[in-house]
Amino acid sequence: MIDNIELFAQSALKIKWHNKNIYFDPFKINNNYNDADYIFITHSHYDHFSLEDILKVKNDNTKIIVTSDLIDKVKGIFKEIITVLPNKDYIVDDINFKTTYAYNINKQFHKKEYGWVGYILNLDDVIYVAGDTDFVSELEDIECDIACVPIGGTYTMDKYEASNLIKTIKPKYVIPIHYETIVGSKMDALEFKDILKNVTIVKIIDF
C-alpha cells in the first residue's frame, strides 16, 4: 500500500484503498478533487483543519472524523460526523481504526488535555498517521506496517525523536511528514532516512 499514499504538504495525506479515497488533514490542496470518501482530522490547528482545503476534497457523501473540539465547525457541512477521543477503537463502514495520543511533552502547542489524536487504520496494511506529537510513552506499543510521522521539530518531534520512535515500533515503512512547509526542510527528511537506513525503509514523498 505504500505506493497508494500521496503527500500534499505538512500532514496532508491521501490514501487510495480499493475504490476509496481517504484523506488526512487536507492542507494546501492544489485542485478541486471532491473525491473524498473519508476525511480524518487530527486536531484543530490551521495547518491540519483547513476548511478551505477540506472543501476541495469533500463531496455530498464524504464522512468526516474529527476531535470533539471541531464538532461545531463541521456541523451543517457534513451529513455524517464521527467524533473521536484518544486511545479508543472505532469502526466506520468497513474501516477499523484506533486513535492514539498526540501531544507535546516539553512544549505547550499540543497539550494532552486537548484530546487530540493520531490514527491507526487497519487497511490492507496497518497505517499509523501520528498527528502532531512528541515521542510520548503511549506510542511505544504501536504495531503498524506503515508509519507517517512528523519530523520538523519546533511543534512536533524532530528527526531524532522521530527516529527513536521508529526504532521502537519498527514498522516496515516510514513516511516523514510535517516538514518543509512551515518548519523543517528536505534535508531533515534525508537525514532522517539516513539515520534509519539499517532499521526500516523510509519513503520520502515529494510534494
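Residues numbered from 1 in each chain as written. Predicted model: local features only at pLDDT ≥ 70, side-chain atom pairs only at ≥ 80, totals over all residues. Heavy atoms only, no water.

Peer 1: Talk me through unusual backbone geometry; I want residue IDs and the actual numbers.
Peer 2: Leaving glycine out, the prevailing phi sign among residues is negative, and the prevailing peptide bond configuration is trans. One non-glycine residue, Asp93, lies in positive phi territory at about 55 degrees. With respect to the secondary-structure elements, Asp93 resides in the loop between β7 (89-92) and β8 (95-101). For Asp93, a relative accessible area of 45% puts it in the partly exposed group. Phi angles above zero are rare outside glycine, and His178 is one such case at about 60 degrees. Locating His178 in the fold gives a position in the loop between β12 (173-177) and α4 (186-195). Residue class for His178 comes out buried when judged on its relative accessible area of 1%. (Helix = DSSP H or I, 4+ residues; strand = E, 2+ residues; numbered from the N terminus. Buried < 20%, exposed > 50% of the residue type's maximum accessible area, 1.4 Å probe, protein only.)

Peer 1: Please set out the sheet that holds strand β10 (residues 126-129) residue by residue, giving values where relevant.
Peer 2: Taken in spatial order, the seven strands line up as β7-β8-β9-β10-β11-β12-β13 in an open sheet, and their pairing is mixed. At either end of the open sheet lies a strand with only one pairing partner, and these are β7 and β13 (201-202). (Pairing = 2+ DSSP bridges.)

Peer 1: Just give me the short version of the pattern of salt bridges, but keep the residues and values in it.
Peer 2: Taken as a whole and assessed by the stated rule, the structure comprises 12 salt bridges. For Asp145, the salt bridge identified is with Lys172, shortest N-O distance 3.6 Å. Here Lys172 lies in the loop between α3 (159-169) and β12 and Asp145 lies in the loop between β10 and β11 (146-150), a separation of 27 residues in the sequence. For the salt bridge of Asp188 with Lys159, the shortest nitrogen-to-oxygen distance reads 2.9 Å. Of this pair, Asp188 sits in helix α4 while Lys159 is found in helix α3, placing the two residues 29 residues apart along the sequence. Residues Asp188 and Lys159 agree in their burial class; the two are buried. A cluster of three or more residues bridged by salt bridges with shared partners is formed by Lys63, Glu80 and Asp93. (Salt bridge = Lys/Arg side-chain N within 4 Å of Asp/Glu carboxyl O.)

Peer 1: Any chance you could break down α3 for me, citing the residues and the numbers?
Peer 2: Of the residues making up α3, those classed as buried are Lys159, Ala162, Ser163, Leu165, Ile166 and Ile169. Each buried residue of α3 lies within a common arc of 155 degrees when the element is viewed along its axis, so the set occupies one face. Contacts from the buried residues of α3 go to β10, β11, β12 and α4. The residue sitting at the N-terminus of α3 and contributing the capping side-chain oxygen is Asp158; that oxygen lies 3.0 Å from the backbone nitrogen of Tyr160. Directly beyond the C-terminal end of α3, a positive phi value near 55 degrees is found at Lys170. (Arc of directions from axis to C-beta. Contact = heavy atoms within 4.5 Å. Polar contact = N/O pair within 3.5 Å; in protein donor to acceptor, adjacent residues only side chain to side chain.)

Purely geometric stuff here, so don't read any function into it on its own.
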